[in-house]
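# Structural overview
Each chain, letter by letter, is given below.
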Amino acid sequence: MQSTDPLVLRQCDLQRGVQGLADDFNAAVRSNRVPIAQRCDDCGTAQFPPMLSCPVCRSQELSWVSCGNTGTVGTFVTVHTSEATPSMSIPRRLRALVPYTSVYVAPDAVPSVRVAALMIGPQQAQLRVGSAVAFDVTDDLGLLVNIVV
Amino acid sequence: MFPRRAVIAGIGEVAITPPGSGRSPDLMTVQSAKAACADASVDPSRIDAIVKYTYDGSLSSMALAATLGCADVNALIEIPMGGGSSVALIDIARALIMAGRAQAVLCFRTLTGDEWLKQMSMADPARPYYLDGSNYLRSSGWTGYLHSFAALYAQYDALHPLSREALFMSANALRANAAKNTGALAVTPLSRAEYFEESARTVGPFTKFDEYVSADLSCAVLVTAAGFTDHPSREVDIVASAQSQGPAAKTWFDLRPVTSTYPDSPSSWVAQKIYAEAGIAPRDIDVAALYDCTSFTVLDLVETYRLCAPGEVASLLQDNAFRADGARPVNTHGGDFAAGYSAGFRHLLEATRQLRSEAENQVPEAQFAVVGAPQIGPTSGAILRRSER
């Protein structure tokens, strides 16, 4: 059953399996320019990352939904060094941005999930668990968050 | 008749060295397996099941069974849970024995340096979800397993402020314990100058000194039915063991930062199960061997296993409680952190030695030990007891 919730963007393409679902996710983020989660059309349970079936009601009717503009920080990790070690490798295009922070954010519109976003700049010093942040989908760096002042 | 009791009857290992020893991991596995059998005075031909980590590339369970000349094997099992597999190997061995499907189960882990990292990241069409870490977290800068533990730290710190000073003390507490063990690799205290040097910082609260020391090692545990060997006083009882994927199960280890159940975790669910099964309380634990890939990981597990009140682990460090003569002995061998990384498996050998009163850094009259695997993904834990025979 198609949901009439205005947050819904379109149904997920499950037919190409796990990697196809990831490709579909990235395509949906690029074309809609919003943070995205997956939501079950039948029971409304949200997931990030997406899965091939609803783990709560087992429905295969799953859709991409917009996570809106703002969220609350669940946790975060600041990367201080651009040197790789055996246990860490920094994505190539982020090396010049060190220090940067990976921020795991519960969107206000879909608070049962956390999505993964990037924070750069001096605002990182103010970042705390529980901080209010605003989403910004960029062409070059993907999903960013900025502290809401 | 059923369920049969399972015990750790034998332990064995080859010498630990820094990575790059050039020793063959295949041969090390054969040698440690034979050492465990010798320790139990059990001929290797009597092994009737083998359990290993999937990410152990040293020797397949099939090849080991053939090489050891096992008369017949009822089960060859591989556990896919990364570090979470460590105690799961014993739990599965115990399950086979309790059900009467095996009597002598050989479990092992062999590592050469950081090969395991490559093995866990290799493309494997049979396990497509391994790419979920890359697909969903990479663009926001996820760097590897350290990221997941740093994310855990931030959540702990938000509940109970935990300074970098405490992590420095944790690293040195593990090194101090390691220094009492022959062959441990990281035995000298870290200086404040080197630890707090800004260029030493890596990810989250961590410095390059907050991670385990790499090693070439191989260790094996022979789990048997109680009474299988002729040495009942050397048997260590497995009084409880369990696995769990915990709340908010995800498809891959790295995804734990996008869950919001902390402090509930796969390890808190395991702790609940094993204390209930053993019928003892955390205060009855005499020595703990808890996964310690980072200086924070072990602190979080001390609280997860309720070995102190929430928020109190930093004061345990202040009191030198982790020492063998301390109030709360933890990783008396220095753990993987300071003795040499074994994906948590070597903790079982130390716990066994403690309960046989054969440890180099002995906790006096240790009766109960808890062994715990990491809290990120599906995991395992067990409570062991000194033989009463």
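## Side note on the overall build of chain B
Tallying secondary structure elements over chain B gives 13 helices and nine strands in all. For chain B, the C-alpha radius of gyration of 19 Å lies close to 21 Å, the compact-globule estimate for 389 residues. Its C-alpha atoms put chain B at 55 × 50 × 40 Å along the principal axes. For chain B, the residues scored as buried account for 62% of the 389 residues in total. Summarising the internal contacts of chain B: among those between residues at least 6 apart in sequence, 77% fall at separations of at least 24. Considering chain B, the positive charge centre built from 32 side chains and the negative charge centre built from 41 side chains are found 2 Å apart.

## Let's talk about the interface of chain A and chain B
Each side of the interface is counted separately: chain A has 39 residues, and chain B has 37 residues. The junction of chain A with chain B conceals about 3,000 Å² of combined surface from both sides, 58% of it contributed by carbon and sulfur atoms. Considering only the side of chain A, the residues that lose the most area to chain B are Val18, Ser87 and Arg114 of chain A, jointly responsible for 19% of the buried surface there. Run the count over chain A and chain B and you get zero salt bridges. Applying the counting criterion to the chain A and chain B interface returns 16 residue pairs in polar contact (both at pLDDT 80 or more). Those elements giving two or more residues to the side of chain A that touches chain B turn out to be helix 1 (17-32), strand 5 (70-79), strand 6 (100-107) and strand 7 (115-119) of chain A. For the side of chain A that touches chain B, the per-class residue count stands at 24 nonpolar, 13 polar and two charged.

## Focus on the nonpolar core
Residues and elements named next belong to chain B. The biggest cluster of nonpolar side chains holds 162 residues, and the ones touching the most others in it are Tyr305, Phe345 and Ile383. In terms of residue count, the dominant contributor to this core is helix 6 (residues 145-159) (nine residues). Ile383 has contacts with Asp237, Ile238, Val239, Ala240, Ile274, Tyr275, Ala278, Ile280, Ile285, Phe368, Ala369 and Val370, leaving out every residue within four places of it along the chain.

## Considerations on the packing of helix 6 of chain B against helix 10 (residues 295-304) of chain B
Residue and element names in this part refer to chain B. Between helix 6 and helix 10, the shortest axis-to-axis distance is 10 Å and the interhelical angle comes to 50 degrees. By the angle between their axes, helix 6 is oblique relative to helix 10. The two elements helix 6 and helix 10 cross, and the hand of that crossing is left-handed. Residues Phe149, Leu152, Tyr153 and Tyr156 of helix 6 touch helix 10, and the partners they reach there are Phe296, Thr297, Asp300 and Glu303. Its residues assigned to classes, the contact of helix 6 with helix 10 comprises five nonpolar, one polar and two charged.

## Focus on helix 2 (residues 61-68) of chain B
Residues and elements named next belong to chain B. Listing the buried residues of helix 2 in full gives Ser61, Leu64, Ala65 and Leu68. The buried residues of helix 2 occupy one face: seen down the axis, they fall within an arc of 100 degrees. Away from the buried face of helix 2 by more than 90 degrees, exposed residues Met62 and Ala66 are located. Where helix 2 is buried, its residues contact helix 1 (25-40), strand 2 (49-53), strand 3 (75-79) and strand 4 (104-112). A positive phi of about 70 degrees marks Gly69, the residue just after helix 2.

## Overview of the packing of aromatic side chains
Considering all chains together, one arrives at 15 aromatic pairs over all chains under this definition. Seen from their ring centres, Phe25 of chain A and Phe48 of chain A are 5.7 Å apart, and the 50 degrees between their planes marks the pair as tilted. Here Phe25 of chain A is found in helix 1, whereas its partner Phe48 of chain A is found in the loop between strand 3 (46-47) and strand 4 (62-66), with 23 residues between them in sequence. Taken as a pair, Phe25 of chain A and Phe48 of chain A share a single burial class, namely buried. Consider the rings of Tyr145 of chain B and Phe149 of chain B, whose centres lie 6.3 Å apart with planes at 80 degrees: the pair is edge-to-face. Within this pair, Tyr145 of chain B and its partner Phe149 of chain B are both found in helix 6, separated by four residues, close to a single helical turn. For Tyr145 of chain B, a relative accessible area of 12% puts it in the buried group. A relative accessible area of 4% means that Phe149 of chain B is categorised as buried.

## Considering the sheet that holds strand 3 of chain A
Residues and elements named next belong to chain A. Pairing is antiparallel in the open sheet, where four strands are placed in the order 1-4-2-3. On the outer flanks of this sheet lie strand 1 (8-11) and strand 3, each paired with one strand and no other. Relative to strand 4, strand 2 (residues 36-40) runs antiparallel, the two being bridged by five bridges. Opposite Cys40, over in strand 4, you have Leu62 as the bridge partner.

## Here we look at the state of the cysteines
Applying the stated rule across the entire model yields zero disulfides over all chains. With no disulfide partner, Cys43 of chain A has as its closest neighbouring cysteine sulfur the one in Cys54 of chain A, 3.6 Å distant. Here Cys70 of chain B is not cross-linked by a disulfide; its sulfur's nearest cysteine counterpart is in Cys37 of chain B, at 7.8 Å.

## Regarding unusual backbone geometry
With an omega of -5 degrees, the peptide bond between Phe48 of chain A and Pro49 of chain A qualifies as cis. With respect to the element layout, Pro49 of chain A can be found in the loop between strand 3 and strand 4. Cis rather than trans, the peptide bond between Val98 of chain A and Pro99 of chain A has omega equal to 0 degrees. Considering the arrangement of structural elements, one finds Pro99 of chain A in the loop between strand 5 and strand 6. We note that Ala248 of chain B has phi near 55 degrees; this positive angle belongs to a residue other than glycine. Counting through the fold element by element, Ala248 of chain B comes out in the loop between strand 6 (236-244) and helix 9 (266-278).

## What to know about the side chain of Thr110 of chain B
Residues and elements named next belong to chain B. By secondary structure assignment, the location of Thr110 is in strand 4. Separated by 2.7 Å, the side chains of Thr110 and Ser218 make a polar contact. With residues up to four places along the chain from it excluded, the contact list for Thr110 reads Pro25, Met28, Thr29, Asp56, Ser58, Leu217 and Ser218.

## Points about the confidence of the model for chain B
Residues and elements named next belong to chain B. The predicted model of chain B has a mean per-residue pLDDT of 95, with 96% of residues at 70 or higher. When mean pLDDT is compared element by element in chain B, strand 8 (residues 368-372) scores highest at 99, while helix 4 (residues 115-121) scores lowest at 68. Under the prediction, the complex receives an ipTM of 0.95, its pTM being 0.96.

Calculation criteria
- Along each chain, residue indices are assigned from 1 in the same order as the chain's sequence is written.
- The lettering of chains begins at A and the numbering of ligands begins at 1, in the order of writing.
- Given that the model is predicted, a residue must reach a pLDDT of at least 70 before its local features are reported, and side-chain atom pairs must reach 80 or more before they are shown or counted; all residues, however, enter totals for whole chains, interfaces and linings.
- Hydrogens and water molecules were not included; the side-chain quantities draw on all heavy atoms of the structure.
- Numbering goes from the N terminus for both helices and strands, where a helix is a DSSP run of H or I of at least four residues and a strand is a run of E of at least two.
- For the radius of gyration, the atom set is restricted to C-alpha positions; the globular benchmark scales as 2.2 Å times the number of residues to the power 0.38.
- When a residue's accessible area, from a 1.4 Å probe over protein chains only, is under 20% of the maximum for its type it is buried; when over 50% it is exposed; and in between it is partly exposed.
- Only heavy atoms matter for contacts: two residues are in contact if any of them lie within 4.5 Å across the pair.
- Charge convention: Lys and Arg are scored as positive, Asp and Glu as negative, and His as well as the terminal groups of each chain are ignored.
- Where a charge lies is defined by one atom per residue type: Lys uses NZ, Arg uses CZ, Asp uses CG and Glu uses CD.
- What gets called buried area is simply the loss in accessible area from a 1.4 Å probe that two parts show on being joined, summed for both.
- Any carboxyl oxygen of Asp or Glu that lies within 4 Å of a side-chain nitrogen of Lys or Arg is treated as forming a salt bridge with it.
- Pairing of N or O atoms within 3.5 Å defines a polar contact, subject to two protein rules: one partner must be a possible hydrogen donor and the other a possible acceptor, and residues neighboring in sequence count only if both atoms are side-chain atoms.
- Three residue categories are used. Nonpolar comprises Ala, Val, Leu, Ile, Met, Phe, Trp, Tyr, Cys and Pro, charged comprises Asp, Glu, Lys and Arg, and polar comprises the others, including Gly.
- Nonpolar cores were defined as sets of buried Ala, Val, Leu, Ile, Met, Phe, Trp, Tyr and Cys residues, with membership established by side-chain atoms within 4.5 Å.
- Helix axes use the C-alpha atoms of the stretch in contact, all axes being lines fitted to C-alpha atoms, and the angles between their N-to-C directions lie in the range 0 to 180 degrees.
- An angle below 35 degrees is treated as roughly parallel, one above 145 as roughly antiparallel, one from 65 to 115 as roughly perpendicular, and anything else as oblique.
- For a crossing to be left-handed, the near helix must be turned anticlockwise from the far one by less than a right angle; the clockwise case is right-handed.
- Read the arc as the range of directions from the helix axis to the C-beta atoms.
- Only Phe, Tyr and Trp rings take part, Trp by its six-membered ring, and two of them pair if their centres are within 6.5 Å. Stacked means planes under 30 degrees apart, edge-to-face means over 60, and tilted covers everything else.
- Between any two strands, pairing holds if DSSP finds at least two bridges.
- The disulfide definition used here is simple: a pair of cysteine sulfur atoms within 2.5 Å.
- Scored between 0 and 100, pLDDT is the confidence that the predictor attaches to each residue.

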